Amino acid sequence: MFFNRNTKINCSKVDTAIYHAIDNLKRDIQDVFLPSDEQSGEVILTERHMEEEQFYLKEKEGNLVLQAGDTLGFVYGIYEISRRFLGVENFWFWNEQRLEPKPFINIAEGFAYASEPFRVKLRGWFINDEVLLQGWQIDRDKAKPWEMVFEALLRLGGNMVIPGTDKNSGIYCHLASQMGLYITHHHAEPLGAEMFARRYPNLNPSYDEYPELFQGLWKEAIENQRGQKVVWNLGFRGQGDCPFWEHDSRYVTEAERGALISSLIRLQYDLVRAEDPKALCCTNLYGETMELYQKGFMSMPTDVIKIWADNGYGKMVSRRQNNHNPRIMALPDNPGKLTGCHGIYYHASFYDLQAANHMTMFVNSMEFVKKELQQALDRGVDDYWIINCSNVKPHTYVLDFLAAMWKDGKTEAADHRHEYVKKYYCQSAENLEIEERIREYAEYALPYGDQEDEHAGEQFANYTTRMLVSQWMKNTGNPVDELRWAVKADSLQQQMNWYERLCKKARISYGEYLEKCQVTRMKLSGHARTFFEHSILLQAEIYFYCYEGGVNVCQAFSESEKGNYAKAFYLTGKARDSYRMANDSMRITESGKWNGFYANDCLTDMKQTAWVLDMLMSHLRNLGDGPHFYQWQREFLYPESDRRVCLVTNMENHMQNEEIYGLMQEKWG
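What you see is a predicted model, and the numbers here were worked out from it, not measured in a lab.

**Topic: the sheet that holds strand β5 (residues 63–68)**
The five strands lie next to each other as β2-β3-β5-β4-β7, forming an open sheet whose pairing is mixed. At either margin of the open sheet sits one strand with a lone partner, and together these are β2 (8–11) and β7 (112–114). Along the sheet, successive strands turn relative to each other by an average axial angle of 15 degrees, direction set aside. Pairing of strand β4 (residues 55–60) with β5, which is carried by six bridges, proceeds in the antiparallel orientation. Residue pairing across strands places Lys 60 opposite Asn 63, the latter belonging to β5. Sheet contacts for helix α1 (residues 16–32): β2 and β3 (42–47); angle to β2, the most-contacted strand, approximately 170 degrees. Where helix α2 (residues 71–86) meets the sheet, its contacts fall on β3, β4, β5 and β7, and the angle it forms with β5 comes to roughly 145 degrees.

The structure is reproduced here in structure tokens:
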């Protein structure tokens, strides 16, 4: 069969999701093939009785026939055509794949391919902490980035999505559903219902006080999602990502808390099953809920999928919450007697205001991830996998590996890395070197603790700096209470010493890694070089600059404690500049469709770290140069002969911080 730009797609089935995938295949045909006057065969879609989500492709009489028995079978088959024959990879959009136009391709006579069942039944992404998607548009269209997220997920074989956090999930659930995906819900938003505190902002969010209002929201959510494929998330947390008892002091004991959650899961289950007796239901054993379940304080119907969660760092143990970190195993503890249905919530990205990765790639190795996921599969946890994909672009390598695992459960990290580089970077002698840079990424990550998963993401170098600086400006006598999870210290000075040791270690390590990445970059050209700069090299720069900033902050504190406020001011300025450079490294990659992509980094927020350091510079200026603010100006601007003679304090306007800092750079830089 000849396949060229004139190939038609013949489909008689009326289905929005299939039409959407066909439109994408038509787009790919236009992108891949050169104009031609030659006739070609057709792609013909025909129904056939098959297992759910399966498809069959075969060449027949000069045409390519796609057979499937349901919507997702056809959708997956369409994207298989795009990938297998046109060379359009799953992350073509996010990884900036360059397609080489060609006049035609030839599909061998008698070609046939039958898809295989997925190892994991329900599998998808939680688009969470999506602040970059929130502020970014494609062709002035706010929905287009979300459409590209859903397309990538379908190309990877995903069938389920939490389409954003809070308000976004309500905005984009219809688009996701129209593209063929199951909708499921945030663990803090049971049944996808509106938050009680948003609907009733003047009422205490207590179920005991307002059971009818809570139930009304749940019933309304069920009605609003009528006609969509839904995996109903059951549960009861607080008004936000926190336990409900933070807003309701009636529930003191674990038994009382578990009993309420269990009763409300049963109530929600009954509400859903009254509408659809075959409805799929799940509940998250996450954070405090997992501890209650493990201790026997919670129960639920046996066919509710129990979702176990990693700790945000890829380890299947309970997450650290503030300074509490029990690290309880978050998997069924007796796989030999496993009952019911089980799934996982796993993080490619995590936001904990402590040490996780959000703007950068997952900091533990795929070999480590494989071990954790294999353990889950070995324990029968294969009914449901939801992956926190965050803003997608920084995490494509990890998301690609996780999708390979949900497909067959057998993928080896080294084999996947090799194929990933070959698909998205280049097919040349530099492949092995790029593979090595990706493999080394986890090796250069900073260990902040003794556990195998305790490696620091970029939040560590930003939140820790901001916490320490904030306490410094408030009260240097007391340590930061929020850092008790990381270090035992009786004073801010001890915390600064601890942080300086880690930042120095990381600056050396990432300096070496950055140098390696720069050498690799120089060997690349064209698209491979650009993509390497926008992915691996960018992340190396972020870490190096952030930890360099952390070192200077700690050294500034030491100078300040000695009363050397001018030197502390200067070192703080250097730290601020480093964080600005980290932010600039992201922003400089924003060309073409990526214009403004990193602008709304408001969670890790490296530019905010620089802004906090600006405040610290003013604080130090006041300590060392206040209240009249002329002494530093005389010291750094005037020659020695004028500096010592002070008949008039100053003959010029008072200099701003930036001007004083510039003079210090001339002297000390």
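**Remarks on helix α7 (residues 211–224)**
Taking 1.5 Å per residue, 14 residues should reach 20 Å; α7 reaches 20 Å between its end C-alpha atoms and fits that length. All of the buried residues in α7 are Pro 211, Phe 214, Leu 217, Trp 218, Ala 221 and Ile 222. With its buried residues spanning 135 degrees around the axis, α7 presents them on a single face. In α7, the exposed positions angled more than 90 degrees off the buried face are occupied by Glu 212 and Asn 224. Packing partners of the buried residues in α7 comprise α6 (196–199), β11 (231–234) and α8 (254–275).

**Observations regarding unusual backbone geometry**
Here Gly 626 and Pro 627 are connected by a cis peptide whose omega angle stands at 5 degrees. You can see Pro 627 is positioned in the loop between α18 (606–625) and α19 (631–637). Within the chain, Asp 166 stands out as a residue other than glycine whose phi angle is a positive 60 degrees. Position of Asp 166 relative to the elements: it lies in the loop between β9 (160–162) and α5 (167–178). Despite not being glycine, Leu 191 shows a phi value in the positive range, around 65 degrees. Relative to the helices and strands, Leu 191 is located in the loop between β10 (182–183) and α6.

**Some remarks on α2**
Taking 1.5 Å of rise per residue, 16 residues should cover 22 Å, and α2 covers 22 Å from first to last C-alpha, within 8% of that figure. Burial analysis of α2 places 14 of its 16 residues in the buried class, which makes it a mostly covered element. Within two residues after α2, Gly 87 carries a phi angle of roughly 80 degrees, on the positive side.

**Some remarks on the pattern of salt bridges**
If you walk through the whole model with that rule in mind, you get 48 salt bridges. The salt bridge involving Glu 419 is made with Lys 422; its shortest N-O contact spans 3.3 Å. Residue Glu 419 and its partner Lys 422 are both found in helix α12 (residues 413–424); the two are separated by three residues, about one turn of the helix. Residue classification places Lys 422 among the partly exposed positions, given a relative accessible area of 29%.

**With respect to the domain arrangement of the protein**
Accessible area lost upon the coming together of the parts serves often as the stated size of an interface. Entries for the protein in the domain assignment read domain 1 (2–114), domain 2 (122–411) and domain 3 (443–626). For domain 1 versus domain 2, the distance between C-alpha centres works out to 33 Å. On the domain 2 side, the residues contacting the 22 residues of domain 1 number 27 residues. Interface of domain 1 and domain 2: buried area, both sides summed, is about 2,000 Å²; carbon and sulfur atoms make up 59% of it. Together, Asn 90, Phe 91 and Trp 94 form the three largest contributors to the area buried by domain 1 at its contact with domain 2, with a combined 36%. Taken together, domain 1 and domain 2 are joined by four salt bridges. Of the charged contacts, one joins Glu 151 and Arg 27 as a salt bridge, the two residues approaching to 2.8 Å between their closest N and O atoms. Across the domain 1-domain 2 interface, the total number found is 16 residue pairs in polar contact (both at pLDDT 80 or more). Sorting the residues of the side of domain 1 that touches domain 2 by element identifies α1 and α2 as the ones contributing at least two each.

Rules used throughout
Residues numbered from 1 in each chain as written. Predicted model: local features only at pLDDT ≥ 70, side-chain atom pairs only at ≥ 80, totals over all residues. Heavy atoms only, no water. Pairing = 2+ DSSP bridges. Helix = DSSP H or I, 4+ residues; strand = E, 2+ residues; numbered from the N terminus. Axes fitted to C-alpha atoms, helices over the stretch in contact; angles between N-to-C directions. Contact = heavy atoms within 4.5 Å. Expected span 1.5 Å × (residues − 1). Buried < 20%, exposed > 50% of the residue type's maximum accessible area, 1.4 Å probe, protein only. Arc of directions from axis to C-beta. Salt bridge = Lys/Arg side-chain N within 4 Å of Asp/Glu carboxyl O. Domains from an automatic or database assignment. Buried area = accessible area lost by both parts, 1.4 Å probe. Polar contact = N/O pair within 3.5 Å; in protein donor to acceptor, adjacent residues only side chain to side chain.

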